Amino acid sequence: MKTINPTDLVDEAGACRLIGGENTPIHRSSLWRGINAGRYPKPLKIGPGTNRWRVSELAAVLEKAAAERGEAA
């Protein structure tokens, strides 16, 4: 598996893999429902039809979820 730098940007598929896991990524519609509900960060608009997410922002969401259930990720 490729090492990801926290300052990297990932596309929609990469965001789904980071949140759900490499073997069981979340569905893209789950990602967008989470964004609309405020659970996941909004993407950076790079260009028309081109969205990217900061790896550090996605990692922070996972850390927060782990902390809320009482454990470190």
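Bear in mind the structure is a predicted one, so any value in this text is a computation, not a measurement. Residue positions are given per chain, counting from 1 as you read along its sequence in written order. Reporting in this predicted model follows two pLDDT cut-offs: at least 70 for local features of residues, and 80 or more for side-chain atom pairs to be given and counted; totals over whole chains, interfaces and linings ignore these cut-offs and use all residues. To obtain the side-chain values, all non-hydrogen atoms of the structure were used and water was disregarded.

Trainee: Talk me through the sheet that holds strand β1 (residues 9–10); I want residue IDs and the actual numbers.
Mentor: The strand order across the open sheet built from 3 strands is β1-β3-β2, with neighbouring strands paired in antiparallel fashion. Both outer strands of the open sheet, β1 and β2 (44–47), are each paired with one neighbouring strand and no more. Any two strands with at least two DSSP-identified bridges between them are counted as paired. Put simply, DSSP marks the helices as runs of H or I at least four residues long and the strands as runs of E at least two long, and each gets a number from the N terminus on. Pairing geometry for β2 and strand β3 (residues 50–54), over 3 bridges, is antiparallel. By the bridge assignment for β3, G47 is matched with T50. Pairs of residues are marked as contacts when any of their non-hydrogen atoms sit within 4.5 Å. Lines fitted to C-alpha atoms define the axes here, with helix axes fitted over just the stretch in contact, and angles between the N-to-C directions of these axes take values from 0 to 180 degrees. In this fold helix α3 (residues 55–68) packs onto β1 and β3, with an angle of close to 55° to the strand it touches most, β3.

Trainee: Can you lay out the pattern of salt bridges for me, pointing to particular residues and giving the numbers?
Mentor: Salt bridges are defined by distance alone: a side-chain nitrogen of Lys or Arg within 4 Å of a carboxyl oxygen of Asp or Glu. One pass over the structure, following the stated rule, counts 4 salt bridges. R28 is paired through a salt bridge with E12; the nearest N and O atoms lie 2.7 Å apart. Of this pair, R28 sits in helix α2 (residues 28–37) while E12 sits in helix α1 (residues 12–20); the two residues are 16 residues apart in sequence, bridging distant segments of the chain. Three labels apply to residues, based on accessible area from a 1.4 Å probe with only protein chains included: buried if under 20% of the type maximum, exposed if over 50%, partly exposed otherwise in between. In this structure E12 comes out as partly exposed when scored by relative accessible area, which is 22%. Taking the shortest distance from any N to any O, the salt bridge between R54 and E57 comes out at 3.2 Å. We classify R54 as partly exposed; its relative accessible area is 37%.

Trainee: How would you sum up the environment of R52? Please name residues and give values.
Mentor: With respect to the helices and strands, R52 occurs in strand β3. Sequence separation between R52 and A66 is 14 residues, and the spatial gap between their C-alpha atoms is 24 Å. Ignoring sequence-local partners within four residues, the contact set of R52 consists of L9, V10, D11, P43, L44 and I46.

Trainee: Lay out α2 with the relevant residues and their values.
Mentor: Along α2, the positions that sit buried rather than exposed are L31, G34 and I35. Along the long axis of α2, the arc covered by the buried residues comes to 100°, so they all point the same way. Across α2 from its buried face, at more than 90 degrees, point the exposed residues R33, N36 and A37. Turning to α2, the residues buried within the fold contact α1 and β3. Following α2 by one or two positions, G38 adopts a phi angle in the positive range, close to 85°. Think of it as the arc spanned by the lines of direction from the helix axis to the C-beta atoms.

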